[in-house]
Amino acid sequence: MELTREEESALKGEQGETMQTAYRILVATGEATDADKLIPIEWAHLAGVNYNTIGDAGEEFLSGISKNARVKVKTTLNPMGFDIDNVSNYNLDENFISKQLSIKNSYEAMGVIPSFSCIPYEIFDIPKNGTQVAFAESNAAIHANSYDNLKTNKESAFSALASALTGKSPYSSLRKEDTPNITIRMNVKNPNELTYGMLGFFAGKVGDTSVNISGLGEMDNRQCKAMCGGMGTSGTCAKFIFGEGDSNCEKIDFDEKELQNIHDELNTAEKGDIITLGSPQLGLDEISDLVGKLKGRSFQKRCMVFTPRTIKEQARKIGYTNELERAGCEILSDCCTCLTPLISKDSVDAVTTNSIKGAFYLKNSNGVGVNLKSLSQIIEDETR
Amino acid sequence: MKVLVSGKVQGIVLKSKDSINFLGTVDKKTGIISDKNHDLFEKSLKDIILVFPSGVGSSVGAYTIYSIKSNNTAPLAMICQKADLTVATGCALANIPLIIISDEEFSSIESGMNISLDTDSTNPLHYQ
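Criteria and thresholds
Residues numbered from 1 in each chain as written. Chains lettered and ligands numbered in written order. Predicted model: local features only at pLDDT ≥ 70, side-chain atom pairs only at ≥ 80, totals over all residues. Heavy atoms only, no water. Buried < 20%, exposed > 50% of the residue type's maximum accessible area, 1.4 Å probe, protein only. Helix = DSSP H or I, 4+ residues; strand = E, 2+ residues; numbered from the N terminus. Pairing = 2+ DSSP bridges. Right-handed = clockwise from strand over helix to strand, strands pointing away. Phe/Tyr/Trp six-rings, centres within 6.5 Å; stacked < 30°, edge-to-face > 60°. Lys NZ or Arg CZ within 6 Å of the ring centre and 35° of its normal.

Asks: Provide a residue-level description of the pairing of strand S7 (residues 211-214) of chain A, including the pertinent values.
Replies: All names here are of chain A. Judged by which residues are buried, S7 turns out to be covered on both faces: Val-211 and Ile-213 on one side and Asn-212 and Ser-214 on the other are all buried. By the bridge criterion, 3 bridges tie strand S6 (residues 182-186) to S7 in an arrangement that is parallel. Across the sheet, residue Ile-184 finds its bridge partner in S7, namely Ile-213. Handedness of the crossover joining S6 and S7 through helix H8 (residues 193-206): right-handed. Assessed by its sense of winding, the connection that carries the chain from S7 through helix H9 (residues 221-234) to strand S8 (residues 240-242) is right-handed.

Structural data, given as structure tokens:
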């Protein structure tokens, strides 16, 4: 990689240990992804916030660097493990809570905006077309590249943090003109958000860094998010390009058979003991839609609804949170279905959800069964 | 050859034919491989030059590399056949030299060899 004189100086340690570590991460990442230089970015979104995922080593590292490290660009971050407003209802141990709060404090000390959200593209203004950003959360990186006209690598927790501290990122494939290795032809009739989640999951498996995708009809926000969440879960691919692509590009159908294969892989239970909605977290339009669909009915089981704190505040003002609580929902901010410590196999055998991303992590990390249903089906089967 | 993290060290090679998932298979205190199915099972990574095909698994494994360095049980350097982001960022965090070498050179290195590595040199790898 070609580095500027200032970047070389930082890498040698002449601007302090934190900058040296940050540049070491950018150079190692850049060399590993065939970047030839570093470029400025305007917004970093960090992962590696939940104590469940980064553990003691992560907590100690962040606590150490937060003593003098400060972010150089606008920096937002992913959900953590719980919502402080209601954590006492969930039987989490003291160690988890104190370690999680230490992580929260470290990020805040570095100047990170405490958004605790995996949908930065819904709660912050999107910069102008073509802006370079560094998003570590996979669904957000895919959404940014595919729907928001932004450019990002699929960053790791470490490269995004290094980008936040330096304002730079490796100039790797997805920041340039990327050539997809495959074109997926969507061939499933009457898709709902589950179908799109599974389409994304399929795309992540067959795609390299980006995929062409054709045959999509009009999609709503929930369906777009489901597709990004699914893709981020199954591979390293981080961009949908809408269209048939080059005639030389390999073509593959996503049909009923592929849909069934993924359904069989992720759907491991006939019914769930509880319901979770939100992975990615729900935006205001999804909350509004949920309230509309409920029409005064109530859930017959526990239903956890994950949404960013800013959305919860807006929803409260409109009266949606009252309505959801009346229907028996537990509304949780700052955390998400994905990698939640709030669902344990000691108390829950299986979870019903409409999220492919949530299903993957509930099955593999929480070790609980998963019952996949679309939101409409959940409302029909689980409310009265 | 590609330098991901620079540095200068000398040491004895411990080579694995298996990839390493740092999150699941390396004890973050002792630096000992704890996975029965791994060909380095019960071997310590402390103060050796670790040669292996590549890292696999969760990117959080980078923190495991940082942990073993903090606990003084980390390798002196790592040499891989294929670059992966977990090992790259882990070595960068922990300041452990890391280079990627050709398949040919990879197959010529064996456990027990004494190697010196200097990434600033035009010929970074020397066999003693």
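Asks: Just give me the short version of the packing of aromatic side chains, but keep the residues and values in it.
Replies: If you walk through the whole model with that rule in mind, you get 13 aromatic pairs over all chains. Aromatic side chains Phe201(A) and Phe360(A) sit 6.1 Å apart centroid to centroid with 50 degrees between the ring planes, which places their arrangement in the tilted category. In this pair, Phe201(A) is assigned in helix H8 and Phe360(A) in helix H14 (residues 356-366), connecting sequence segments 159 residues apart. Judged by relative accessible area, which is 1%, Phe201(A) ranks as buried. Aromatic ring contacts, followed pair by pair, group Phe61(A), Phe158(A), Tyr63(B) and Tyr66(B) into a single cluster. In this structure, Lys37(A) packs its charged tip against the face of Tyr171(A), placed 5.0 Å from the ring centre. Positioned above the aromatic ring of Phe106(B), the side-chain terminus of Lys15(B) is 4.4 Å from the ring centre.

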